[in-house]
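Understanding the architecture of this molecule
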Amino acid sequence: MVGQYDENLLPDMLPIYYTRQFPQKILCRWLSCGSSPQPLCNRELSFTLADDVYLRYLSFSDQKELQTLFQKKCPHKLDIGAVYNTKPSIGRHDAVVLARELVFDIDLTDYDEIRTCCQEAKVCDKCWKFMVIACEILNTALKDDFGFQSILWVFSGRRGIHCWVSDYEARTLDSPGRSAVADYLCLISGGENQSKKVHLGSDNLHTSIKRAVTIIDRYFIKVLEEQEFLSTDERLKKFLKMIQDENLRNQVESNLQKMSESSVERWEAFVEIYNRHCKENPNSFRKSKYLLEEIKIQYCYPRLDVNVTKGFNHLLKSPFSIHPKTGKVSIAFKPENAKNMKLEDIPTIYTLLDDSASENSKHDSNMKLAVKTFQEVVFSLEKAEALRRRNEASATLDF
Ligand SMILES: [Zn+2]
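I will try to describe carefully the structure that is included in this document. From a predicted model like this one, the values you see are computed outputs, not experimental measurements. (Residues numbered from 1 in each chain as written. Predicted model: local features only at pLDDT ≥ 70, side-chain atom pairs only at ≥ 80, totals over all residues. Heavy atoms only, no water.)

Notes on the overall build of the protein chain
When you go through the protein chain residue by residue, the secondary structure sums to 15 helices and nine strands. Its C-alpha radius of gyration of 24 Å places the protein chain within 12% of the 21 Å reference for a compact globule of 399 residues. Considering only C-alpha atoms, the protein chain reaches an extent of 70 × 65 × 35 Å along its principal axes. Residues counted as buried form 53% of the 399 residues belonging to the protein chain. Here the analysis covers contacts within the protein chain between residues at least 6 apart in sequence; of these, 69% occur between residues at least 24 apart. For the protein chain, the accessible surface area stands at approximately 18800 Å², while carbon and sulfur atoms represent 48% of it. Averaging the positions of the 55 positive and the 56 negative side-chain charges in the protein chain gives two centres separated by 2 Å. (Helix = DSSP H or I, 4+ residues; strand = E, 2+ residues; numbered from the N terminus. Rg over C-alpha atoms; globule rule 2.2 N^0.38 Å. Buried < 20%, exposed > 50% of the residue type's maximum accessible area, 1.4 Å probe, protein only. Contact = heavy atoms within 4.5 Å. Areas by Shrake-Rupley, 256 points an atom, 1.4 Å probe, with all protein chains shown as cover. Lys, Arg positive; Asp, Glu negative; His and termini not counted. Charge placed at Lys NZ, Arg CZ, Asp CG, Glu CD.)

Printed below as a string of structure tokens:
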């Protein structure tokens, strides 16, 4: 039974986890900052109970009340919602959403059309690389392009990652503002039937896109090798559909089909054919100027669930909650450490509470590290909030 996780154990284990391991105090401080200038009790919390009973519009005013809620209800799933002008509760028609962290949700199921190692709920260290790339690209864009500072990254508990931006400007961003950010960061478009999903045109590339491609380039060959994007006839066919220039496509097709099945070798051959073709056909070059970048982006750029980002009051799983299906903790992590994260090293409620579990000590120290990471984000947010309030107060005095 060691290391095995059994969903039936949750009702017994969760109350202990919430009391001993869940960073209640830090969570309250994080949510307080994120709710300010409204009080903490204006923040919506939702619980999913053992029998899928869903409770919305819960609220609490301090850690003591949160602990009581945990013990009374023993939620199997814990989601965080928006901040209202008043204490949220069922049937309050005068409740208006005033603030909400700017959130991003990236899930590996949205990569099913490109990942070849796993599908649906499955995830492995190979496809986890897509999350590493997504985290690096988004984190850099949020910092460099938008100037955001308080960014919390959290493992979603199964096969994805969440990002919470708590800067005041992000929290108070209105719906059109959120849509604009989401659209700015979204480069991949089109449904299942669209083979080519990235179109960069022929003008100079935006700095943000250039930077994303530089990040992708650090991982691209490794991903190509592991995912074998070009190795079978079917995958090759999908790849060829991204090349719109018929002449070029035919050349690539006849050359690659004759080659070994190694995706890396096939890619290198394709790049060579492409470069030669561009040199010989300046007209065609204008049309496929950024073909290499477009393909790399289609394979590796973050696939965002934009509705989560655009929605002002979308509920999202709380950091450090337990995923009911995997038992894994939604740990906070530093974006620069995403590439060192191993899925098997992510603590589960079972290993944290069972001293005899073989992974226990490693999971225990990873849990401590995750709480420390969370703390650091909260401390810096508190500092920024204090500064903002001071500036606001002095601006009022000046007036
Ligand atoms: Zn995989």
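Alright, that's what it looks like, and here's the rest.
Re the packing of helix α7 (residues 207–227) against helix α12 (residues 291–300)
The geometry of α7 relative to α12 is characterised by a closest axis approach of 9 Å and an angle of 70° between their N-to-C directions. Considered as vectors, α7 and α12 are oriented roughly perpendicular to each other. Contacts from I209, V213, I216, D217, F220 and V223 of α7 reach α12 at E293, K296, I297, Y299 and C300. (Axes fitted to C-alpha atoms, helices over the stretch in contact; angles between N-to-C directions. Parallel < 35°, antiparallel > 145°, perpendicular 65-115°, else oblique.)

Quick word on the pattern of salt bridges
A full pass over the atoms with the stated rule returns 27 salt bridges. Here R56 makes a salt bridge to E44, at a shortest N to O gap of 2.8 Å. With R56 in strand β2 (residues 54–58) and E44 in strand β1 (residues 43–48), this pair connects stretches of sequence that are 12 residues apart. Classification of R56 as partly exposed rests on a relative accessible area of 27%. Between E385 and R171 there is a salt bridge; the shortest N-O distance is 3.2 Å. Taken together, the positions of E385 in helix α15 (residues 360–398) and R171 in helix α5 (residues 168–171) put the pair 214 residues apart, joining distant regions of the chain. Just as E385 is buried, R171 falls in that class too. Where salt bridges share partners, they join R171, E385, R388, R389 and E392 into one cluster. (Salt bridge = Lys/Arg side-chain N within 4 Å of Asp/Glu carboxyl O.)

Digging into the packing of helix α9 (residues 246–258) against helix α10 (residues 263–280)
Relative orientation and spacing of two packed helices are given, respectively, by the angle between their axes and the distance between those axes. Axis separation between α9 and α10 bottoms out at 10 Å; the angle between their running directions is 145°. Remark: the crossing between α9 and α10 carries right-handed chirality. Contact residues: N247, L248, Q251, V252, N255, L256 and Q257 in α9; R266, A269, F270, I273, Y274, R276 and H277 in α10. Each residue belonging to the contact of α9 with α10 can be placed in one class, and the counts come to seven nonpolar, five polar and two charged. (Left-handed = near helix turned anticlockwise from the far one by under 90°. Nonpolar A, V, L, I, M, F, W, Y, C, P; charged D, E, K, R; others polar.)

Description of the environment of H76
By the element assignment, H76 lies in the loop between α3 (63–73) and β3 (77–84). In this structure the C-alpha to C-alpha distance between H76 and H323, which are 247 residues apart in sequence, comes to 7.8 Å. Aside from chain neighbours lying at most four places away, what touches H76 is L10, P11, L14, T48, L49, A50, I322 and P324.

What to know about unusual backbone geometry
Outside of glycine, negative phi angles account for most residues, and trans bonds account for most peptide bonds. The residue after S36, namely P37, is reached through a cis peptide bond having omega 10°. Checked against the element boundaries, P37 lands in the loop between α2 (24–35) and β1. Of note, the phi angle at Y57 is positive, near 55°, even though the residue is not glycine. Relative to the assigned elements, Y57 resides in strand β2. For Y57, a relative accessible area of 30% gives the class partly exposed. The backbone of F320 sits at a positive phi, close to 70°, despite the residue not being glycine. Within the secondary structure, F320 sits in the loop between β8 (316–317) and β9 (332–333).

Topic: the coordination of the zinc ion
Under ideal tetrahedral coordination, the four donors around a metal are separated by 109.5 degrees; under ideal octahedral coordination, the six donors are separated by 90 or 180 degrees. Here the zinc ion is held by the protein donor atoms C117 (SG), C118 (SG), C124 (SG) and C127 (SG), which lie 2.3 to 2.4 Å from it. Because the angles between the four donor atoms bound to the zinc ion fall within 101 to 118°, the donor set is best described as tetrahedral. As a motif over one chain, the donors of the zinc ion read C-C-x5-C-x2-C. Of the residues examined, C118 reaches a relative accessible area of 8% and is grouped as buried. (Donors = N, O, S within 2.8 Å, 3.2 Å for Na, K, Ca; no water. Tetrahedral: all angles 85-135°; square planar, octahedral: opposite > 155°, others 65-115°.)

Here we look at the nonpolar core
Within the largest apolar cluster, 124 residues are counted, with the highest numbers of intra-cluster contacts made by Y17, F239 and F270. Per-element accounting of this core gives the leading share, 12 residues, to helix α4 (residues 125–144). When we break this core down by domain, the ones giving at least three residues each are domain 1 (7–127 + 142–183 + 304–398) and domain 2 (192–300). Setting aside residues up to four positions removed in sequence, F239 forms contacts with L230, V252, L256, W267, F270, I295 and Y299. (Core = buried A, V, L, I, M, F, W, Y, C linked by side-chain atoms within 4.5 Å. Domains from an automatic or database assignment.)

Section: the environment of K129
By the secondary structure assignment, K129 is in helix α4. Note: C-alpha distance between K129 and T68 (61 residues apart in sequence) is 39 Å. A distance of 2.9 Å separates polar atoms of two side chains, one belonging to K129 and the other to E226. (Polar contact = N/O pair within 3.5 Å; in protein donor to acceptor, adjacent residues only side chain to side chain.)

As for a negative patch on the surface
On the surface, E225, E228, D233 and E261 cluster together into a negatively charged patch. On the accessibility criterion, E261 (52% relative accessible area) is exposed. (Patch = residues over 30% accessible without salt bridge, like charges linked within 9 Å, V, L, I, M, F, W, Y side chains within 5 Å.)

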